[in-house]
Amino acid sequence: MRYHKTHLTRRLILETSADSDKEEMMVEWLREVGMPADFVHKLARMFQDIKVSSDLNREFKEEFKRSREVATDVINIKILNWGAWGRSGDRVPVSLPLELEEIVPEVEDFYKRHHSGRKLQWHHHMSNGTIHFSNETGEYDLDVTTFQMAVLFAWNERPKDKISFESLRLATEIPDVELRRTIWSLVAFPKLKRQVLSYYPECQSPKDFANSTVFWVNQEFALIRGGKAQKFGKVNLIGKLQLVTEKTKDEENVAIMELRALRTQEAIIKILKMRKSISNSQLQAELIEILKSQFIPTRKLIKEQLEWLIENKYIRRDESNINLFHYVA
């Protein structure tokens, strides 16, 4: 029955169930034939969570649309009871694209207003989405996991660059084991004749990737139908949605975060040494321009490093304008 629950979880999250009514009837049948009550209750709770999430999504989109000019129709949030859905494995860190990062606090604030006392925990390894991918061959919609999305967004500001494995680890924050698995799905997806990413040197498995292995967007990637490359199309790269993750060392993620903080501090000092004074919005734009070859700094990271630099008297905030910063010689 563990396998039934695993496959049901994938179908419910990816919304690929052929008939949800029959799925629920199956749960009732399991109850009738005497399956453990706790197991059956968890299955029933999974269907209940999906229905409640549908209502929450509708309310969130209506409220969000009134307060922000954002394409809320493309957002689909699932609030799941971890007691029913939970499986072994840790939550895995990942650096979200800025477009998604800005939505996270909006969702959390909305949920707190409607359900006080409850805390959301984000499980990005169970999430997925669709991105628009373009190269010299054509334009394609790619269904991807959040990890795949984070990797591909590393090329969003530098579409023709070659990026090393070590740089991708810094850009995405994904731990080593999960990053190798994710990249392999983009360079060796079994159903594709032309892969999304190319790499050098060639290897036989993701374990063979070295820190110096370089990856780049395959400008010849295309859907092949009838022996011909299609200029438009949709590709599902999700495969089997990963529901269980291998345990990762906390030290690994801490090291990545510390390196990001250091690089951000260095870039801020470099900008202010040259500008002497700069506004917050201009500073953020120049920071992204400087650091985009390594990673895209989040607003939270920028704010934390600005506070650290002010506290340690490397820079100071203007007394009459809190959004203006000055370099301290």
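Above: the structure in question.
Residue numbers restart at each chain and count upward from 1, following the sequence in its written direction. Owing to the predicted nature of the model, reporting of local features is limited to residues with pLDDT of at least 70; listing and counting of side-chain atom pairs is limited to 80 or more, with chain, interface and lining totals taken over all residues. To get the side-chain values, all heavy atoms of the structure are used, and hydrogens and water are removed first.

A.B. asks: Would you explain the overall build of the protein chain in this entry?
C.D. replies: Where helices and strands are cited, they refer to DSSP runs of H or I of at least four residues and of E of at least two residues respectively, numbered from the N terminus. When helices and strands are counted, the protein chain shows 12 helices and 11 strands. Along the three orthogonal principal directions, the C-alpha set of the protein chain runs to about 75 × 55 × 40 Å. Each residue is assigned to one of three classes by its accessible area relative to the maximum for its type, calculated with a 1.4 Å probe on protein chains only: buried under 20%, partly exposed between the two thresholds, exposed over 50%. Here the protein chain holds 329 residues, and the buried ones make up 42% of them. Of all intrachain contacts in the protein chain linking residues separated by at least 6 positions in sequence, the fraction that spans at least 24 positions is 65%. Only the protein chains shown count as cover for residues, and all accessible areas are computed by the Shrake-Rupley method using a 1.4 Å probe. With an accessible surface of roughly 19100 Å², the protein chain has 49% of that area assigned to carbon and sulfur atoms. Counting 51 positive and 48 negative side-chain charges, the protein chain places the centres of these two groups 2 Å from one another. In this description, contact between two residues means that some pair of their heavy atoms is separated by no more than 4.5 Å. Charge convention: Lys and Arg are scored as positive, Asp and Glu as negative, and His as well as the terminal groups of each chain are ignored. For this purpose, a charge sits on NZ of Lys, CZ of Arg, CG of Asp or CD of Glu.

A.B. asks: Just checking my understanding: could you explain the sheet that holds strand 1 (residues 128–134) for this structure?
C.D. replies: Strands in a sheet are paired, the pairing made by backbone hydrogen bonds, and the direction either parallel or antiparallel. Two strands qualify as a pair provided that DSSP identifies no fewer than 2 bridges between them. In spatial order, the strands read 1-2-8; together these 3 strands make up an open sheet with mixed pairing. Single-partner strands in this sheet number two, and they are strand 1 and strand 8 (232–236). Between one strand axis and the next, the sheet turns through 20 degrees on average, direction left out of account. Orientation is described by lines fitted to C-alpha atoms, with helices fitted over the stretch in contact, and by angles between N-to-C directions that extend from 0 to 180 degrees.

A.B. asks: What's the story with the nonpolar core in this structure? I'm lost.
C.D. replies: A general trend in soluble globular proteins is that nonpolar side chains are found buried together. Take the buried Ala, Val, Leu, Ile, Met, Phe, Trp, Tyr and Cys residues and link them wherever side-chain atoms come within 4.5 Å; each set so joined is a nonpolar core. Residues Leu142, Trp155, Ile183, Val196, Leu197, Phe215 and Leu237 are the most contacted members of the largest nonpolar core, which totals 58 residues. Tallying contributions element by element places helix 10 (residues 250–275) first for this core, with 7 residues.

A.B. asks: Honestly, the packing of helix 11 (residues 280–291) against helix 12 (residues 299–311) in this entry has me stumped. Any pointers?
C.D. replies: Helices that pack against each other are described as a pair by the angle of their axes relative to one another and the distance between those axes. Between helix 11 and helix 12, the shortest axis-to-axis distance is 12 Å and the interhelical angle comes to 115 degrees. It follows from the interaxial angle that helix 11 and helix 12 lie roughly perpendicular. Along this stretch, helix 11 crosses helix 12, giving a crossing that reads as right-handed. In this structure, helix 11 uses Asn280, Leu283, Gln284 and Leu287 to contact helix 12, whose residues at the interface are Arg299, Ile302 and Leu306. Here the angle decides the label: under 35 degrees means roughly parallel, over 145 means roughly antiparallel, 65 to 115 means roughly perpendicular, and every other value means oblique. Each crossing gets its handedness from the near helix: less than a right angle anticlockwise from the far helix is left-handed, clockwise is right-handed.

A.B. asks: Can you help me understand empty space enclosed by the protein in this one?
C.D. replies: Gaps between atoms show up when a probe of the same size as a water molecule is rolled over them. Cavity and pocket criteria rest on a 1 Å grid covering protein atoms alone: a 1.4 Å probe that fits but cannot get out defines a cavity, protein on both sides within 12 Å along at least 5 of 7 lines defines an open pocket, and an atom within 4 Å of a point defines a lining residue. Grid points are joined across faces, edges and corners, and a volume is the space filled by probe spheres set on the points. Counted by the stated rule, this structure contains 2 cavities of 30 Å³ or more. Taken together, Ser53, Leu56, Asn57, Phe60, Ile77, Lys78, Ile79, Val107, Phe110 and Tyr111 form the lining of the largest cavity. Breaking the lining of the largest cavity down by element, the ones donating at least two residues are helix 3 (37–67) and helix 6 (103–114). Tallying contributions element by element places helix 3 first for the lining of the largest cavity, with 4 residues. Under this grouping Gly is polar, as are all residues other than the nonpolar Ala, Val, Leu, Ile, Met, Phe, Trp, Tyr, Cys and Pro and the charged Asp, Glu, Lys and Arg. Class assignment of the residues belonging to the lining of the largest cavity gives a composition of 7 nonpolar, 2 polar and 1 charged.

A.B. asks: In this structure, what is going on with the layout of surface pockets? I would like to understand it.
C.D. replies: Its boundaries defined by the atoms lining it, the second largest pocket holds a volume of some 870 Å³. Lining the second largest pocket are 23 residues, and of these Val94, Glu173, Met257, Thr298 and Lys300 lie nearest its centre. Those elements giving two or more residues to the lining of the second largest pocket turn out to be helix 6, helix 10 and helix 12. Of all the elements, helix 12 adds the most residues to the lining of the second largest pocket, at 5 residues. By residue class, the composition of the lining of the second largest pocket is 9 nonpolar, 5 polar and 9 charged.

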